[in-house]
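# Examination of the molecular architecture
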Amino acid sequence: MSATVKPVAYEEACDKVRAVYDDIMSSRNIDFVPNVWRTLASHPPTLERVWYGLKEVMAPGALDARTKEMIAVAVSATNGCEYCTRSHTRQARGHGMTEEMYGELMAVIGMFNQTNKLIEGYQVEVDGFLKEV
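What you see is a predicted model; the values in this text were computed from it and never measured.

This part is about the packing of aromatic side chains. The tally for this structure, following the rule as stated, stands at 2 aromatic pairs. Over the ring of tyrosine 102 we find arginine 93; its NZ or CZ atom is 4.9 Å from the centre of that ring.

See the structure below:
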């Protein structure tokens, strides 16, 4: 697979994009800019919006980092995004997700994708008590 736009190399980036790249590398403690960010940099406002939004959402809060990354894996796997599934699986493992946890996570993802599609296909009416949630 190749991108539909030309990824922006650090050396070719404008100052605004380089600032985001520097923040990405510093925040992730890496010495390179991953492909996703170099590709999004083809439109600097999108790069900024997505990076800073992601950074804010994934910051420490009521949910711990591992839980947030596992949710990201679930959404990414469900949406069929290989890049995101691999990236967030790596991050979740870095935050302590074990292979047992990963197996259970995949089981939950698979089960709820199945039941959601069945319920959607059957057009199951929502019970009244659930509408109060």
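Another point: unusual backbone geometry. With a phi close to 55°, asparagine 29 is a non-glycine residue in the positive phi region. Its place among the elements puts asparagine 29 in the loop between helix 1 (15–28) and helix 2 (35–40). Residues other than glycine seldom take positive phi values, yet glutamine 123 does so here, at roughly 55°. Looking at the element boundaries, glutamine 123 is found in the segment after helix 6 (99–122). Since its relative accessible area comes to 62%, glutamine 123 is described here as exposed.

To continue, consider helix 6. Between its first and last C-alpha, helix 6 extends 34 Å over 24 residues, near the 34 Å set by a 1.5 Å rise per residue. Remark: glutamine 123 follows helix 6 within two positions and exhibits a positive phi of approximately 55°.

Quick look at the nonpolar core now. In a soluble, globular protein the nonpolar side chains are often hidden away together inside. Judged by nonpolar contacts, Val8, Ala13, Val17, Val20, Tyr21, Ile24, Met25, Val33, Trp37, Ala41, Leu47 and Trp51 together constitute the single largest core of 12 residues. If you list the elements that add at least two residues to this core, you get helix 1 and helix 3 (44–57). Here this core takes 5 residues from helix 1, the largest share from any one element. In this structure, tyrosine 21 is in contact with Val8, Ala9, Tyr10, Ala13, Val33, Trp37, Arg38, Ala41 and Leu47, ignoring residues within four places of it in sequence.

At their nearest, the axes of helix 1 and helix 3 sit 10 Å apart, and the two run at 25° to each other. Taken together, the axes of helix 1 and helix 3 lie roughly parallel to each other. Judged by the sense of rotation from one axis to the other, the crossing of helix 1 with helix 3 is left-handed. Taken together, the residues of helix 3 that come into contact with helix 1 (itself represented by Lys16, Val17, Ala19, Val20, Tyr21, Asp23, Ile24, Ser27 and Arg28) are Pro44, Leu47, Glu48, Trp51, Tyr52, Leu54 and Lys55.

The rules behind these values
Residues numbered from 1 in each chain as written. Predicted model: local features only at pLDDT ≥ 70, side-chain atom pairs only at ≥ 80, totals over all residues. Heavy atoms only, no water. Phe/Tyr/Trp six-rings, centres within 6.5 Å; stacked < 30°, edge-to-face > 60°. Lys NZ or Arg CZ within 6 Å of the ring centre and 35° of its normal. Helix = DSSP H or I, 4+ residues; strand = E, 2+ residues; numbered from the N terminus. Buried < 20%, exposed > 50% of the residue type's maximum accessible area, 1.4 Å probe, protein only. Expected span 1.5 Å × (residues − 1). Core = buried A, V, L, I, M, F, W, Y, C linked by side-chain atoms within 4.5 Å. Contact = heavy atoms within 4.5 Å. Axes fitted to C-alpha atoms, helices over the stretch in contact; angles between N-to-C directions. Parallel < 35°, antiparallel > 145°, perpendicular 65-115°, else oblique. Left-handed = near helix turned anticlockwise from the far one by under 90°.

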